[in-house]
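# Fold and contact review
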Amino acid sequence: MSTPKRILIVDDDPEITSALARGLALHGYDTVSEHRTDAALARLRAESMGAAIVDVMIGADSGIDLVRALRAEGIGLPIVMLSALSEVEDRARGLEAGADDYIVKPFSFDELVARLKVQERRARTDAPRRARLDPATRKVIGRTRDVVLTEREFALMLLLANHAGEALTRGRIFDTLWAGEGTSSENVVDVYLGYLRRKLDPAADFGFEIKTLRNRGFMLDGSAPEIAQPHDK
């Protein structure tokens, strides 16, 4: 049984949020909600979502500013905006900010779901075949979103990518990345593998996963990411 796709609803009206959550659940979606743009931005930086439904006005905050901030950070999940504003200029502002679709209230719930599915299909079609590692920014550029890693996380990610399909023991990883730095325990390897797994979950966003192989070590399994060279743009 497949895991329900998570949809983030960003709206300060609890009645609308509740109605959207109930309706989307009937179509197999799992939903979470945020009532402030700063909380929504923080959640989308930390968690993977199938899509976001964002109201244009969220209390005193601007949903358009939220969309613009998400796109500026390279967060590329599908975004559908909702608004009671129906003028062409209003729709244009939302789309120019980076929204994928714009639906005017009141709307048909069936239409909303249909448009979400269109954006999901488009994201799959437009997704790059392989993820990409950018050493300059320490980003893992995925199919629907990008993740920024710390310096140590990126070093571990690079090591795994350079040995994709090969089991690396805990000791080998430790000797490569931590030996000589005074770190006394190989448990640090498990800690940083945990950090990576959380940031890169679900694996479908990137096309690979980090597997634990009993008595053998750890391996990057799937489509190994490309590694950007200094001259790449």
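No experiment lies behind these values; they were computed from the predicted model shown.

The geometry of helix α3 (residues 63–72) relative to helix α4 (residues 88–97) is characterised by a closest axis approach of 8 Å and an angle of 25° between their N-to-C directions. Taken as axis vectors, α3 and α4 run roughly parallel relative to one another. Touching Ile64, Val67, Arg68 and Arg71 of α3 are Arg93, Gly94 and Ala97, all from α4. Its residues placed into classes, the contact of α3 with α4 shows three nonpolar, one polar and three charged.

Its location among the elements puts arginine 45 in helix α2 (residues 37–46). In this structure the C-alpha to C-alpha distance between arginine 45 and arginine 132, which are 87 residues apart in sequence, comes to 18 Å. Not counting residues up to four positions away in its chain, the partners in contact with arginine 45 are Glu73 and Ile75.

This part takes up the pairing of strand β2 (residues 29–34). Bridge count for strand β1 (residues 5–10) against β2 is six bridges, and the pairing is parallel. The residue of β2 that forms the bridge with arginine 6 is aspartate 30. Crossover connection from β1 via helix α1 (residues 14–26) to parallel β2: handedness right-handed.

Another aspect to go through is the packing of α2 against α3. Remark: α2 packs on α3, axes separated minimally by 10 Å, with the N-to-C direction vectors making an angle of 25°. When the axes of α2 and α3 are compared, the pair comes out roughly parallel. Crossing hand, α2 versus α3: right-handed. Counted together, Thr37, Ala40, Leu41 and Leu44 of α2 and Leu66, Ala69 and Leu70 of α3 form the full contact between these two elements. Partitioning the contact of α2 with α3 into residue classes produces six nonpolar, one polar and no charged.

Within the secondary structure layout, aspartate 101 lies in strand β7 (residues 101–104). Excluding anything up to four places from it in sequence, aspartate 101 contacts Ile79, Val80, Met81, Leu95, Arg115 and Gln119.

What follows covers the packing of aromatic side chains. Given two aromatic rings, one states the distance between the centres and the angle between the planes to describe the pair. In the structure shown here, the tally under the stated rule is three aromatic pairs. On the basis of an interplanar angle of 50° and a centroid distance of 5.5 Å, the ring pair of tryptophan 178 and tyrosine 192 is categorised as tilted. Here tyrosine 192 lies in helix α8 (residues 187–199) and tryptophan 178 lies in the loop between α7 (170–177) and α8, a separation of 14 residues in the sequence. Both rings, one in tyrosine 192 and one in tyrosine 195, keep their centres 5.1 Å apart while their planes meet at 80°; by these two values the pair is edge-to-face.

Strand order in the open sheet formed by four strands is β10-β9-β8-β13, with mixed pairing between adjacent strands. Among the strands making up the open sheet, the edge pair consists of β10 (146–148) and β13 (226–227). For strand β8 (residues 132–134) and β13, the ladder comprises two bridges, and the chain directions are parallel. Counterpart to leucine 133 in the pairing with β13 is isoleucine 227.

The next point concerns the confidence of the model for the chain. For any part of a model where pLDDT is low, the fine detail of the predicted coordinates should not be relied upon. Within the chain, residue pLDDT values average 87, and 93% of them lie at 70 or more. By mean pLDDT, the top-scoring element of the chain is helix α6 (residues 151–162) (95), and the lowest-scoring one is helix α5 (residues 109–126) (81).

Among all positions in α7, only Gly171, Ile173, Phe174 and Leu177 are buried. Down the axis of α7, the buried side of the element spans an arc of 165°, and every buried residue falls inside it. Of the surrounding elements, those touching the buried residues of α7 are α6, α8 and β12 (217–222).

Quick notes on the rules
- Residues numbered from 1 in each chain as written.
- Predicted model: local features only at pLDDT ≥ 70, side-chain atom pairs only at ≥ 80, totals over all residues.
- Heavy atoms only, no water.
- Axes fitted to C-alpha atoms, helices over the stretch in contact; angles between N-to-C directions.
- Helix = DSSP H or I, 4+ residues; strand = E, 2+ residues; numbered from the N terminus.
- Parallel < 35°, antiparallel > 145°, perpendicular 65-115°, else oblique.
- Contact = heavy atoms within 4.5 Å.
- Nonpolar A, V, L, I, M, F, W, Y, C, P; charged D, E, K, R; others polar.
- Pairing = 2+ DSSP bridges.
- Right-handed = clockwise from strand over helix to strand, strands pointing away.
- Left-handed = near helix turned anticlockwise from the far one by under 90°.
- Phe/Tyr/Trp six-rings, centres within 6.5 Å; stacked < 30°, edge-to-face > 60°.
- pLDDT = per-residue confidence, 0-100.
- Buried < 20%, exposed > 50% of the residue type's maximum accessible area, 1.4 Å probe, protein only.
- Arc of directions from axis to C-beta.

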